[in-house]
2 protein chains.
Amino acid sequence: MAHINFDTEVLRKFCTDAFCNFGFSPEDSAVITANLLMADIYGIESHGVQRLQRYHKSIQNGKILIDQRPEIVFETPVSAVVDGHNGMGQVIGHYSMEIAIEKAKKSGMAIVSTRNSNHYGIAGYYAKMACDQGLIGLSFTNSEAIMVPTFGKKAMLGSNPIAISMPAEPYPFFFDASTTVVTRGKVEMYNKAEKPLPEGWTVNKDGVPTTDALEILTNINQRAGGGILPLGGSEEKTGSHKGYGYGMLCEIFCSILSQGKTSNNTRINGLCHGFIAIDPAVFGDPKAIEDHFSTFLQELRDSPKAEGHDRIFTHGEKAAMAIERSKKEGVPVDVKTVIEMKDMADYLHMDFESYFGKLDVDFNSGYKASF
Amino acid sequence: MAHINFDTEVLRKFCTDAFCNFGFSPEDSAVITANLLMADIYGIESHGVQRLQRYHKSIQNGKILIDQRPEIVFETPVSAVVDGHNGMGQVIGHYSMEIAIEKAKKSGMAIVSTRNSNHYGIAGYYAKMACDQGLIGLSFTNSEAIMVPTFGKKAMLGSNPIAISMPAEPYPFFFDASTTVVTRGKVEMYNKAEKPLPEGWTVNKDGVPTTDALEILTNINQRAGGGILPLGGSEEKTGSHKGYGYGMLCEIFCSILSQGKTSNNTRINGLCHGFIAIDPAVFGDPKAIEDHFSTFLQELRDSPKAEGHDRIFTHGEKAAMAIERSKKEGVPVDVKTVIEMKDMADYLHMDFESYFGKLDVDFNSGYKASF
């Protein structure tokens, strides 16, 4: 898998300009770009500019409506239901988490459940928004159905990530993970790399294990059956019903409380998200709570390592390392993603070379994005 | 593994009387018993009367203090921190969830974080308390360290279950699962049955996989190293860091917000729990939300089955089946557990036969409980 390193600020300028050219306001374009680039900067390549092509296509085919604004349709001092009116997921997500944060600052905690949205990028972005304000943030999203429930053969739940972020030293706690074994983005990356998937990730349309990434992605796109397994695999013995259960927990905060579309009913659009903000001050001195947490995180990192391993990570540590790395080296982008970015630039009549100079990429390789 | 079926009401009378004889009030004895029997009635044998022996020993050795009452040490309209003063976990848990429910009914939602407690039985019991009042209930607990973090060889987190229950038809949603691949209770059951553990559940004190249940339990009791793997197994490829992350989420609501003992620091006692109650009415019409949820659950049950399977379960469905079964057949109890119950009855000078009649059990088999 060939990669080229890009300076993050150059990428930021390119993406922001692109979203402005699609018709978003400069503020919204900056939010969308911040979300995508956070993934690349945090080392979560699957959810970074790798996804630009999907947003491009979704805007092009009218799945994402540029001129729609999210709206509060129900609220109390501790809650809100937001209707995204099928606008851009990141804009809707940012708006929703800002409401949760504002209410949590007044009431101590708040939950916002959001319907009629689109892909909102990494869930962790929204959790981190709350963390940056000294709060505990959680975020959830459903997605087009991709998770096959335990003993099923049809995808019925999304990748349904749960993200949580909380202040800690020397870096914030940051956990963002799908309740499937892996995300669709990871499968897309294996497909781009033309590599077989590891065993235990996916099942075909008969519910039988497969390692063919293209088959899975094609089946998902065509709703032909099969999909990705819950965290815990295919059997109760390895905890399949638990990953499926955490997927349900996610679905409750997204599509159930907002009365939006459940993952299995989101063919065109209508994704749902959930946002929770909690002020630690409603449990005592926030500084003492943060110190207590930081001590535990350090104890985890210091605890004895298994044979063959010399490091135990706490969640957010790899992100902190990746942030440092990206400052020095920029972020790595797959060559096929670069070709997709060039396609998008051409579509928007943008001068690709004026951003990135002359790149050592064969733009006439015949590679076509599969989405 | 030989089992004997017991009538649940006879078991209830026996357990309630036993806890009264230990010195608990009739009300507290009824709560403790309700929690244990709920596990047996729901088909979660590992957390039912199978655990009586551990409570018996913990009361005997002063780990559980009978005469201590839980106390609110910090509160706001949406939150509380409870100090359990090392009393009985079920009593402290019941008290804490009642506070969460009361606050949620007034404020829309509430979180209670509880420290200095003991084992509180199944987490789902407390989630279900909220559900029975038309609310969404969540409960979390840490435990003595049993989960080895990804790439570690020393148990640093508890089994750290997350439970959630929410009203639905024809039966409530009820999900209660450890964030480890399996619970310690399951390992105890394999030990009683003298069966090797399935692969991928546990690692020994060097962080190397093992299937020896007794070795694991002995190592845990002696804090010699090793333990149970997070949901997702030992590798990041299969999502080990995700199970570990959900374990951390649990720890945050339990020991971090209450500033109590984290799982790795709970040798004598001091377990921590978390309780969340949410009134669905703060998101719209509760009946409409419940109907929407029930429809999704039915769609899941109706979705196509994988080869070799004829049924997809939703969480709470097996419990509903088990409740029906236990009404007709009573609940099955392992013969070794029956011997432990007889030991406890002898200790409390209770006439075991007056409850259960003459049982076909060899009480002189020489079997001794390992705890």
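All of these numbers come straight from a predicted model, not from anything done at the bench. All residue numbers refer to position in the chain's written sequence, counted from 1. Lettering of chains starts at A and numbering of ligands starts at 1, both following the order in which they are written. This being a predicted model, a pLDDT of at least 70 is required before a residue's local features are given, and a value of 80 or more before pairs of side-chain atoms are given or counted; all residues contribute to the totals for chains, interfaces and linings. Water and hydrogen atoms were dropped before computing side-chain values, which therefore reflect all heavy atoms in the structure.

**Some details on the overall build of chain A**
Thought 1: Only DSSP runs of H or I covering at least 4 residues are called helices, and only runs of E covering at least 2 are called strands; the numbering of each starts at the N terminus. In terms of regular secondary structure, chain A is built from twelve helices and twelve strands.
Thought 2: Values of the radius of gyration come from C-alpha atoms, whereas the globule rule sets the reference at 2.2 Å times the count of residues to the power 0.38. For a compact globule of 371 residues, the expected C-alpha radius of gyration is about 21 Å, and chain A comes in at 20 Å, within 12% of that figure.
Thought 3: Counting only C-alpha atoms, chain A reaches 60 × 50 × 45 Å along its principal axes.
Thought 4: Burial classification: accessible surface area is computed with a 1.4 Å probe over protein chains only, and a residue below 20% of its type maximum counts as buried, one above 50% as exposed, and the rest as partly exposed. Within chain A, the proportion of its 371 residues that are buried is 64%.
Thought 5: The contact criterion used throughout is that any non-hydrogen atoms of two residues lie within 4.5 Å. Considering only contacts within chain A whose residues lie at least 6 apart along the sequence, 68% involve residues at least 24 apart.

**Side note on the interface of chain A and chain B**
Thought 1: Between chain A and chain B, the contact holds 89 residues from the first and 89 residues from the second.
Thought 2: Accessible area, probed at 1.4 Å, shrinks when two parts are joined; the buried area is that loss added up over both. Of the roughly 7,200 Å² buried between chain A and chain B, counting both surfaces, carbon and sulfur atoms make up 73%.
Thought 3: Of all residues in chain A, the largest losses of buried area upon contact with chain B belong to Phe151, Tyr246 and Phe283 of chain A, amounting jointly to 11% of the total for that side.
Thought 4: Within this document, salt bridges are pairs made up of a side-chain nitrogen of Lys or Arg and a carboxyl oxygen of Asp or Glu, the two lying within 4 Å of each other. In this structure, the connection of chain A to chain B is made through two salt bridges.
Thought 5: Whenever two N or O atoms come within 3.5 Å, that pair is a polar contact, provided that in protein one can donate a hydrogen and the other can accept it, and provided that, for residues adjacent in sequence, both atoms are side-chain atoms. Inspection of the region where chain A meets chain B yields 32 residue pairs in polar contact (both at pLDDT 80 or more).
Thought 6: Those elements that place two or more of their residues in the side of chain A that touches chain B are β2 (71–76), β3 (79–83), β4 (109–117), β5 (136–141), β6 (162–166), β7 (173–177), α8 (240–256) and α9 (286–302) of chain A.
Thought 7: Broken down by element, the side of chain A that touches chain B gets its largest block of residues, 13 residues, from α8 of chain A.
Thought 8: Any residue outside Ala, Val, Leu, Ile, Met, Phe, Trp, Tyr, Cys, Pro, Asp, Glu, Lys and Arg is labelled polar, Gly included; the first ten of those are nonpolar and the last four are charged. Here the residues of the side of chain A that touches chain B sort into 47 nonpolar, 29 polar and 13 charged.

**Points about the pairing of β3 of chain A**
Residues and elements named next belong to chain A.
Thought 1: Counting buried positions along β3 gives five out of five residues, so the element sits mostly inside the fold.
Thought 2: Between β2 and β3, which pair antiparallel one after the other, the connecting turn spans two residues.
Thought 3: Strands are labelled as partners when DSSP assigns at least two bridges between them. Two elements, β3 and β4, share five bridges in a ladder whose sense is parallel. For Val81, the partnering residue across the bridge sits in β4 and is Ser113.

**A few points about the pattern of salt bridges**
Thought 1: Under the criterion given, the structure shown has 38 salt bridges over all chains.
Thought 2: Put simply, Arg115 of chain A and Asp83 of chain A hold a salt bridge, and the shortest N to O gap is 3.5 Å. A residue pair is termed long-range when its members are at least 10 positions apart, and Arg115 of chain A in strand β4 and Asp83 of chain A in strand β3 qualify at 32 residues.
Thought 3: With a shortest N-O distance of 3.7 Å, Lys106 of chain B and Glu102 of chain B are connected by a salt bridge. With Lys106 of chain B and Glu102 of chain B both in helix α4 (residues 89–107), this residue pair falls four residues apart, about one helical turn.
Thought 4: Its relative accessible area of 48% is what places Glu102 of chain B among the partly exposed residues.

**Structural notes on the sheet that holds strand β4 (residues 109–117) of chain B**
All names here are of chain B.
Thought 1: Across the sheet, seven strands lie side by side as β2-β3-β4-β11-β5-β6-β7; this open sheet has mixed pairing. Edge positions in the open sheet fall to β2 (71–76) and β7 (173–177), since each of these has one partner strand only. Ignoring which end each strand starts from, the neighbouring axes of this sheet average 10° apart.
Thought 2: Where β2 meets strand β3 (residues 79–83), five bridges bridge the pair, whose relative direction is antiparallel. Along β3, the bridge assignment pairs Glu75 with Ala80.
Thought 3: Inter-axis angles, ranging from 0 to 180 degrees, are taken between N-to-C directions of lines fitted to C-alpha atoms, where helices are fitted over the stretch in contact. Across the sheet, α4 is in contact with β2, β3, β4, β5 (136–141) and β11 (271–278); its angle to β4 comes to roughly 160°.

**Remarks on helix α7 (residues 213–222) of chain A**
Residue and element names in this part refer to chain A.
Thought 1: Turning to α7, its buried residues are Ala213, Ile216, Leu217, Asn219 and Ile220. All buried residues of α7 project into a common sector of 165° when viewed along the axis, lining one side.
Thought 2: Buried residues in α7 make contact with α6 (184–192), β8 (202–203), β9 (209–210) and β10 (227–228).
Thought 3: If you check the start of α7, you find a side-chain oxygen 3.1 Å away from the backbone N of Leu214, and it comes from Asp212. Arc definition: directions from the helix axis to the C-beta atoms.

**Some remarks on the sheet that holds β9 of chain A**
Residue and element names in this part refer to chain A.
Thought 1: Across the sheet, which stays open at both edges, the three strands sit in the order β9-β8-β10 with antiparallel pairing between neighbours. Because the sheet does not close on itself, it has two edges, and the strands there are β9 and β10.
Thought 2: Where β8 lies against β9, two bridges are found, and the strand directions are antiparallel. By the bridge assignment, Thr202 is partnered in β9 with Thr210.

**Structural notes on the confidence of the model for chain A**
Thought 1: Confidence of the predictor at the level of single residues is given by pLDDT, which spans 0 to 100. Chain-level pLDDT for chain A is 95 on average; 99% of the residues reach the 70-or-more range.
Thought 2: Per the prediction output, this complex has pTM 0.96; the corresponding ipTM is 0.96.

**Points about the packing of α6 of chain A against α7 of chain A**
If you want to describe how two helices pack, look at the angle between their axes and the distance between the axes.
All names here are of chain A.
Thought 1: In the contact formed by α6 and α7, the axes pass within 8 Å of each other and the chain directions differ by 130°. Put simply, α6 runs oblique to α7. As α6 runs across α7, the sense of the crossing is left-handed. When α6 is examined against α7, the residues Arg184, Val187, Glu188, Tyr190 and Asn191 are found in contact with a partner set consisting of Ala213, Leu214, Ile216, Leu217, Ile220 and Asn221.
Thought 2: Within the contact of α6 with α7, the residues separate by chemical class into seven nonpolar, two polar and two charged. Orientation labels follow simple angle bins: below 35 degrees gives roughly parallel, above 145 gives roughly antiparallel, 65 to 115 gives roughly perpendicular, and whatever is left gives oblique. By convention the crossing between two helices is left-handed if the near helix lies anticlockwise of the far one by an angle smaller than a right angle, and right-handed if it lies clockwise.

**Quick look at the relation of the copies chain A and chain B**
Thought 1: The transform that puts chain A on chain B rotates by 180° and translates by 0.0 Å along the axis, for an RMSD of 0.0 Å. Interpreted geometrically, this transformation is the action of a two-fold axis. Of the C-alpha atoms belonging to chain A, the one lying closest to the rotation axis is found on Gly232 of chain A, 2.6 Å away.
Thought 2: A high fraction, 100%, of the interface residues of chain A reappear at the interface in chain B, so the copies pair face to face through one surface. Superposing the copies works by least squares over the C-alpha atoms of residues that have pLDDT at least 70 in both of them.

**Quick notes on unusual backbone geometry**
All names here are of chain A.
Thought 1: With omega at 5°, the peptide bond leading from Glu169 into Pro170 counts as cis.
Thought 2: Relative to the elements of secondary structure, Pro170 occurs in the loop between β6 and β7.
Thought 3: The phi torsion at His85 lies on the positive side, around 50°, for a residue other than glycine.
Thought 4: Mapping His85 onto the fold places it in the loop between β3 and α4 (89–107).

**Concerning helix α11 (residues 335–347) of chain A**
Residue and element names in this part refer to chain A.
Thought 1: One less than the residue count of a helix, multiplied by 1.5 Å, gives the span that helix is expected to have. Over its 13 residues, α11 runs 19 Å from end to end, which matches the ideal 18 Å to within 8%, given 1.5 Å per residue.
Thought 2: The elements touched by buried residues of α11 are β1 (3–6), α1 (8–22), α3 (52–60), α6, β12 (331–334) and α12 (352–356).
Thought 3: Put simply, Asp334 is the residue that caps the front of α11, since its side-chain oxygen is 2.7 Å from the backbone nitrogen of Lys336.
Thought 4: His349, located one to two residues past α11, shows a positive phi value of around 55°.

**Things to note about the pairing of β5 of chain B**
Residue and element names in this part refer to chain B.
Thought 1: Taking burial as the measure, the six residues of β5 include six buried ones, the bulk of the element.
Thought 2: Of the two faces of β5, the one lined by Ile136, Leu138 and Phe140 and the one lined by Gly137, Ser139 and Thr141 are each fully buried.
Thought 3: Pairing of β5 with β11, which is carried by six bridges, proceeds in the antiparallel orientation. Bridge pairing in β11 places Ile136 opposite Ile278.

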